Amino acid sequence: MAGLPHSNENTNENTLDIDSAAVTAVQVVATDYGDPTEVTEVVKAELPTPDAGQVVVATEAIGVNPIDAKIVLGAMGTDRSALPRPIGNELAGVIHAVGPDTDGFAVGQRVVGYPVPGAFADHVVVGTDRLHHRPDSLDAEHAAGLLLVGVTAADAVATAGIGADDVVVIHGGAGAVGVIAVQLAVQAGATVIATAAPANHDHLRELGAIPVTYGDGLVDRLRDAAAGPVTAAIDTVGTDEAIDVSLHLVDDRSRIVSIAAFGRADDGIVLVDGSSADSKRHRAEAAEGLITAAADGSLVTEVAARYPLAQAGQALADLLERHPRGKFVLIP
């Protein structure tokens, strides 16, 4: 196993000696595309060595997201040359070692990382441009599942231009992205109507939204809840119902924003996936505020389930089924 550098021209005094650290690194990879319980494997890996501008993070918790499951299933492509394929995008942990040119980061600091390809591991090399300091009051499990969904929600709310004069419908308001979008829209002063299953209505009321059950008759229920024109809609689920209802209620199609209904682009709605310049800016600007809000309790997030890292495949499979409100996290 390769060790971390003992010294170089830009030796950072915070770089640890691997021999004294005595750490064995492991990661989860997809060995093929298909059922996550069958194609994921825990493998030993060399303890990463940080280059300039990088640190090694000892992970304490790892966020599990639908995109991770889709990649393993092959829904995002089946490039066999990418196998075995590292999995994951976000984590929280403690800096284990630092490379040169990493001012502001030191061994022992708590951090949140996103995006971090290959985050399903107990130690990961991360560029400092993808790290944020984590306040002591924000535990690793909640931090690990915060940023992917958080910046996506913030992007959608910013793209829709939600403000105090708006009445906005948020489809999938109790989902991981939707629940943050609800809170950000409420904080912006908007009247927020959120579609959700009845079991989640009380929670949405606590967050300041008006809950409405999706399904047949949704247009009429939303009209009754709004008691006036609906000025914007945010879709986090991607169903035809969500888009059709939004088109029916919102006059300005540029204020119908979806993070999922990519097959409906011809309807003139706005699709956000983090690729445009505006979308990238919205997401970058949101990260620090989301961390601060989660730390001080003004942003509510939930952990639905915890799995050992070795059960990553099961976590991905369970995420594809109906599951409790909140995020899944892996614990190394």
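The shown structure was predicted, so the numbers you read here are calculated from the model rather than taken from an experiment.

Draft legend 1. Spotlight on the overall build of the protein. A tally of regular secondary structure across the protein gives 11 helices and 16 strands. Its C-alpha radius of gyration of 21 Å places the protein within 12% of the 20 Å reference for a compact globule of 332 residues. Along the first, second and third principal axes, the C-alpha set of the protein runs to 65 × 40 × 35 Å. Across the protein, every contact between residues at least 6 apart in sequence was considered, and the portion connecting residues at least 24 apart equals 65%. In the form shown here, the protein has an accessible surface area of approximately 14,400 Å², with 48% of it arising from carbon and sulfur atoms. Between the averaged position of the 20 positive side-chain charges in the protein and that of its 45 negative side-chain charges there is a distance of 5 Å.

Draft legend 2. Representation of the packing of aromatic side chains in the model. Applying the stated criterion across every chain yields a total of 1 aromatic pair. On the basis of an interplanar angle of 45° and a centroid distance of 5.5 Å, the ring pair of Tyr-307 and Phe-328 is categorised as tilted. Separated by 21 residues along the polypeptide, Tyr-307 in strand S15 (residues 303–308) and Phe-328 in strand S16 (residues 327–331) bring together distant segments of the chain. Neither residue differs from the other here; Tyr-307 and Phe-328 are each classed as buried.

Draft legend 3. Inspection of the sheet that holds strand S13 (residues 256–258) at higher detail. Here 6 strands make up an open sheet; going across it, the order is S11-S10-S9-S12-S13-S14 and the pairing parallel. Unpaired on one side and paired on the other, strand S11 (210–212) and strand S14 (270–271) mark the two borders of the sheet. Of the strand pairs in this sheet, strand S9 (residues 167–171) and strand S10 (residues 191–195) are connected by 4 bridges, and their pairing is parallel. From the neighbouring strand, Val-167 faces S10, where its bridge partner is Thr-191. Docked against the sheet, helix H6 (residues 176–187) engages S9 and S10, running at close to 170° with respect to S9.

Draft legend 4. Fine view of the pattern of salt bridges. Summed over the entire model, instances satisfying the criterion amount to 15 salt bridges. A salt bridge links Arg-264 to Asp-244, with the nearest nitrogen and oxygen atoms 2.7 Å apart. With Arg-264 in the loop between S13 and S14 and Asp-244 in helix H9 (residues 240–249), this pair connects stretches of sequence that are 20 residues apart. Judged by its relative accessible area of 15%, Arg-264 falls in the buried class. Judged by its relative accessible area of 40%, Asp-244 is partly exposed.

Draft legend 5. Just the sheet that holds strand S4 (residues 85–86), in detail. The antiparallel open sheet is built from 3 strands, whose spatial order is S2-S1-S4. Looking at which strands have only one partner, the edges of the open sheet turn out to be strand S2 (40–45) and S4. Strand direction decides the pairing type here: strand S1 (residues 25–30) and S2, joined by 6 bridges, are antiparallel. By the bridge assignment, Val-26 is partnered in S2 with Lys-44.

Cut-off values and rules
- Residues numbered from 1 in each chain as written.
- Predicted model: local features only at pLDDT ≥ 70, side-chain atom pairs only at ≥ 80, totals over all residues.
- Heavy atoms only, no water.
- Helix = DSSP H or I, 4+ residues; strand = E, 2+ residues; numbered from the N terminus.
- Rg over C-alpha atoms; globule rule 2.2 N^0.38 Å.
- Contact = heavy atoms within 4.5 Å.
- Areas by Shrake-Rupley, 256 points an atom, 1.4 Å probe, with all protein chains shown as cover.
- Lys, Arg positive; Asp, Glu negative; His and termini not counted.
- Charge placed at Lys NZ, Arg CZ, Asp CG, Glu CD.
- Phe/Tyr/Trp six-rings, centres within 6.5 Å; stacked < 30°, edge-to-face > 60°.
- Buried < 20%, exposed > 50% of the residue type's maximum accessible area, 1.4 Å probe, protein only.
- Pairing = 2+ DSSP bridges.
- Axes fitted to C-alpha atoms, helices over the stretch in contact; angles between N-to-C directions.
- Salt bridge = Lys/Arg side-chain N within 4 Å of Asp/Glu carboxyl O.

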